[in-house]
Amino acid sequence: MQRSWYKVTVVVLLLYSCIAGLWMPVPRLPILNETIRNVYFHVPVWFGLIVMCAYSAYGALRYLKNASAKWDQVSHTAAQTAMFLSVPGILTGSIWAKFTWGTWWTFQDPKLNGVALSILIYGAYFILRSAAHEPHKKAQLSAVYNIFAFVMLILFLLVLPRLTASLHPGNGGNPAFSKYDLDNGMRLIFYPAVLAWIGLSFWLFELQYRYQRLKELYNHENH
Amino acid sequence: MRVNTSVPTSVMICCNMRNLSHILYRDFRQEWRQSAIWLSVVLFMVGSVYITSLCFNAKMDKPSWNAVFWIMLLFTSLSLSVRSLNASSQGYALYQFLLFNPIDFIIARWLFQVILALVLNLLTVLVYGWFMGFSVQRPALFLSITVLNTLAAASVLVFTNALTSYVSAGFSLLSILSIPLLIPVYSISVKLGKQAMDGIENAAFRWDLMGILSAVFLISFGLLILLFPYLWRSR
């Protein structure tokens, strides 16, 4: 196994955050009660996603600086990983919303709209890539769009919900998750969870990246 | 005129006003002579307003008036952008590449699109107001929201236009790329427009949302200037 220290650490941290997250006591807050445990699952996944999107934008910048296929592949794979991570992100959020807000989804909340839009924006990124056929042009176009998409993601996902009325914790005047950590007990599980999910997202990225490179090499040799 | 042979290494490429005004003048002259793009979108807009007034019997409650207005602006802006997409032929594209600086070219293109979109949208306000009534308590604020929305939307559309002009499947791709970026712009404009219609005073008005619209405009324009030279040299 390559870099087993890294993978073992990620697995241990994930197991710790999941088991301790469901088992250790949490502060009792009105309305939230036990659902506050979602902080250990939902938030770290989104941290991983944002980090992946940032890495994708970084790869796009590196590609624009010197056009090597490697950075285009990095950018593309990181975007794929981010899209994959959006699934558990939304599922955990949706389950939490069902228990706290009484509904699986709402179209009135700006954060949720921002999430839907960001997924559409990155979906359009993949469509743009499939529309361009020549490799250099595909890479150039998608790098430019990726940077634009990332800046818009930051704007619509992180900035806009904080300004508008939102029920989502941390936005629109609601206390952010940091205020819940009344006894630092939650922090003890939360920070390792964030590290674990960021680590996991890079692991997934690496697997996908190696697979795509091998596929490319295979295609290159056989055509 | 400088021939574009070097790769831009910094974004402090001086913008040659003479070149820029030349490109702009040429674009407007072509538009005036052929009248294919802008006037057809104006026709589309007038047609939509007319159908709307037929459907609603020219009577609408305030929220609906506001919402339909902004939706109409969304689709006319998209139309304008899509129609400008294939305006230039292959030969003219090569001519542009050889003669012009990418910064001059893209600023001229941006100015051209923004001016067309501004005139179109202000005309929409007039026509829509004439057919459907104009019961806005703070008209100046409403107009400034329209102008800011036009700037933001047009900048986003010029950016996606620049991207899709390099790809053959242009038209549908432009819509797919731009609509997720335009949805928040228009939903913010709907909120602000409603406030302007209700005559909210300055203290209670959502200036931070105006700030978001300006941010979208500045980010789109800034990224356009920064990133377009990279697209230019991949011709």
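Residues numbered from 1 in each chain as written. Chains lettered and ligands numbered in written order. Predicted model: local features only at pLDDT ≥ 70, side-chain atom pairs only at ≥ 80, totals over all residues.

### Here's the deal with the overall build of chain B
- Regarding its fold elements, chain B presents eight helices and zero strands.
- Across the 235 residues in chain B, those meeting the buried criterion constitute 39%.
- Taking the intrachain contacts of chain B between residues at least 6 apart in sequence as the baseline, contacts between residues at least 24 apart amount to 87%. (Helix = DSSP H or I, 4+ residues; strand = E, 2+ residues; numbered from the N terminus. Buried ≥ 20, exposed ≤ 12 C-beta atoms within 10 Å, placed from the backbone. Contact = placed C-beta atoms within 7 Å.)

### A closer look at the overall build of chain A
- From N to C terminus, chain A includes six helices and zero strands.
- The order of helices and strands in chain A, counted from the N terminus, is α-α-α-α-α-α.
- Across its three principal axes, chain A shows a C-alpha extent of roughly 60 × 40 × 25 Å.
- For chain A, the proportion of its 223 residues judged to be buried stands at 41%.
- Excluding contacts between residues fewer than 6 apart, the proportion of contacts in chain A whose partners are at least 24 apart in sequence is 73%.

### Digging into the interface of chain B and chain A
- Each side of the interface is counted separately: chain B has 22 residues, and chain A has 23 residues.
- Element by element, the count of residues in the side of chain B that touches chain A is highest for helix α8 (residues 207-232) of chain B, at nine residues.
- Looking at the side of chain B that touches chain A residue by residue, the class counts come to 20 nonpolar, one polar and one charged. (Nonpolar A, V, L, I, M, F, W, Y, C, P; charged D, E, K, R; others polar.)

### Focus: the nonpolar core
- Within the largest apolar cluster, 119 residues are counted, with the highest numbers of intra-cluster contacts made by L128 and V144 of chain A.
- Sequence-distant contacts of V144 of chain A, that is, excluding residues within four places in its chain, are made with L163, L227, Y230 and L231 of chain B. (Core = buried A, V, L, I, M, F, W, Y, C linked by C-beta atoms within 7 Å.)

### Overview of the packing of helix α3 (residues 69-100) of chain A against helix α4 (residues 110-131) of chain A
Residue and element names in this part refer to chain A.
- Where α3 contacts α4, the axes come no closer than 11 Å and their chain directions differ by 150°. Along this stretch, α3 crosses α4, giving a crossing that reads as left-handed. Of α4, the residues touching α3 (which contributes H76, A79, A82, M83, S86 and I90) are V115, I119, Y122, Y125 and R129.
- For the contact of α3 with α4, the residue count by class is eight nonpolar, two polar and one charged. (Axes fitted to C-alpha atoms, helices over the stretch in contact; angles between N-to-C directions. Left-handed = near helix turned anticlockwise from the far one by under 90°.)

### A look at α8 of chain B
- Over its 26 residues, α8 of chain B extends 37 Å from the first C-alpha to the last, a length consistent with the 38 Å expected when each residue adds 1.5 Å.
- Of all bends in α8 of chain B, the biggest is about 35°, found at L226 of chain B, and the proline P229 of chain B comes one to four residues later. (Expected span 1.5 Å × (residues − 1). Bend = angle between axes of the 7 residues up to and from the residue.)

### Side note on the confidence of the model for chain B
Residue and element names in this part refer to chain B.
- When pLDDT is averaged across chain B, the result is 84; 88% of the residues are at 70 or more.
- In the model of chain B, helix α4 (residues 90-99) stands out as the element of lowest mean pLDDT, 69, in contrast to helix α6 (residues 139-164), which has the highest, 93.
- Counting contacts from residues 1-12, a segment whose pLDDT is below 50, to residues more than four positions away or on other chains yields 13 contacts.
- Reported confidences for the modelled complex are a pTM of 0.87 and an ipTM of 0.83. (pLDDT = per-residue confidence, 0-100.)

### Focus: the environment of F156 of chain A
- By secondary structure assignment, the location of F156 of chain A is in helix α5 (residues 135-163).
- Apart from residues lying up to four places away in sequence, F156 of chain A is in contact with G114, L117 and S118 of chain A together with P184 of chain B.

### A short note on the packing of helix α2 (residues 38-56) of chain B against helix α5 (residues 102-132) of chain B
All names here are of chain B.
- The N-to-C vectors of α2 and α5 enclose an angle of 25°; their axes lie 10 Å apart at closest approach. Relative to α5, the element α2 is oriented roughly parallel. The two elements α2 and α5 meet at a crossing, and its hand is right-handed. Side by side, α2 and α5 meet where W38, V41, V42, M45, V46, V49, Y50, T52 and S53 of the first sit next to L116, L120, L123, T124, V127, Y128, F131 and M132 of the second. (Parallel < 35°, antiparallel > 145°, perpendicular 65-115°, else oblique.)

### Thoughts on the environment of I31 of chain A
- Along the chain, I31 of chain A falls in the loop between α1 (4-23) and α2 (42-65).
- Considered as a pair, I31 of chain A and W101 of chain A are 70 residues apart in the sequence and their alpha carbons are 9.2 Å apart.

### Describing the environment of A58 of chain B
All names here are of chain B.
- As for its position among the elements, A58 is in the loop between α2 and α3 (62-85).
- With 11 C-beta atoms packed within 10 Å, A58 lands in the exposed category.
- Along the sequence, A58 and W130 sit 72 residues apart, while their C-alpha atoms lie 9.9 Å from each other.
- For A58, the residues in contact, after removing those within four places along its chain, are S53, F131 and M132.

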